[in-house]
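Summary of structural features
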Amino acid sequence: MIAKTVLFVFAILLLPLQKCDAQDYDKRVEASFAIGRHFVLNDYIDPRLQVGDSDGYMCVHLRYNFTETQSAGVRYGGGDYDGLPRLVGENYDFEGIRDSDWVKDLFATYRYSWRKRQPLRIYFETGLGVSGAIRPSDKDLKFALCFAVGLKRFIGQHWSLGLESRGVGFRQEKQTINVNELTFVLGYLF
């Protein structure tokens, strides 16, 4: 299901939906909303701590384009995880009722885009920030790094539709956690 949806959005990005003139990015603000999934890519050292993929992920991203190809911004998002062991006192109950939790992240980002003044843009993004730990192996916020690649297709002068894959890494109590955020992005250029 996810693979078909990704292929459908990818096809929309590449098809010429509408002729749109070049968008001028320089000194403009862009806001975007993304929705998708949050996937833990590595196995946990203790198999009892293993969690599945998130039920969903959403984020907002605000960027300032200081040149035609470069921007800096702030990104805030969260993924909902079900089926996590419930904390009882100081210990986790692996046998009883399961719990859910939002794993949130906040990043300062830098983006570089190719194909300036073209309706279809390709970009690379990096960020520094914090991510919530994924229970039960740890809790609290952790220092995190992220790297993303994406395609963005403008629809008219202001709106855009995109597909993005973001890798996030952070260190939990016993191991480094690698996460992928695969999202569909709706953006607006002010």
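The structure under discussion appears in the preceding block.
In what follows, the accompanying structure is described. All figures in this text were calculated on a predicted structure; none of them were measured in a lab. (Residues numbered from 1 in each chain as written. Predicted model: local features only at pLDDT ≥ 70, side-chain atom pairs only at ≥ 80, totals over all residues. Heavy atoms only, no water.)

**A look at the overall build of the protein**
A count of helices and strands for the protein gives one helix and eight strands. Taken from N to C terminus, the helices and strands of the protein fall in the order α-β-β-β-β-β-β-β-β. The contacts in the protein between residues at least 6 apart in sequence include a share of 61% that link residues at least 24 apart. About 10,000 Å² of surface is accessible on the protein, with carbon and sulfur atoms providing 63% of the total. (Helix = DSSP H or I, 4+ residues; strand = E, 2+ residues; numbered from the N terminus. Contact = heavy atoms within 4.5 Å. Areas by Shrake-Rupley, 256 points an atom, 1.4 Å probe, with all protein chains shown as cover.)

**Some remarks on the packing of aromatic side chains**
Scanning all chains against the criterion turns up four aromatic pairs. Aromatic pair Y112 and W114: ring centres 5.1 Å apart, planes at 75°, arrangement edge-to-face. The exposure class assigned to Y112 is partly exposed, which follows from its relative accessible area of 29%. You can call W114 partly exposed: its relative accessible area is 43%. (Phe/Tyr/Trp six-rings, centres within 6.5 Å; stacked < 30°, edge-to-face > 60°. Buried < 20%, exposed > 50% of the residue type's maximum accessible area, 1.4 Å probe, protein only.)

**Points about unusual backbone geometry**
Although it is not a glycine, R115 sits at a positive phi angle of roughly 65°. Summarising the element assignment, R115 is placed in the loop between β4 (91-114) and β5 (120-132). For R115, a relative accessible area of 40% puts it in the partly exposed group.

**Here's the deal with the pattern of salt bridges**
Overall, the coordinates contain nine salt bridges when judged by the stated rule. E30 is the partner of R63 in a salt bridge, and the nearest nitrogen-oxygen pair spans 3.3 Å. Of this pair, R63 sits in strand β2 (residues 56-65) while E30 sits in strand β1 (residues 28-40), and the two are 33 residues apart along the sequence. The same class applies to R63 and to E30, which are both buried. Between R111 and E125 there is a salt bridge whose closest N-O contact spans 2.7 Å. With R111 in strand β4 and E125 in strand β5, the pair connects residues that are 14 residues apart, well separated along the chain. By relative accessible area, which is 0% here, E125 ends up buried. (Salt bridge = Lys/Arg side-chain N within 4 Å of Asp/Glu carboxyl O.)

Any functional reading would require information beyond the geometric quantities listed.
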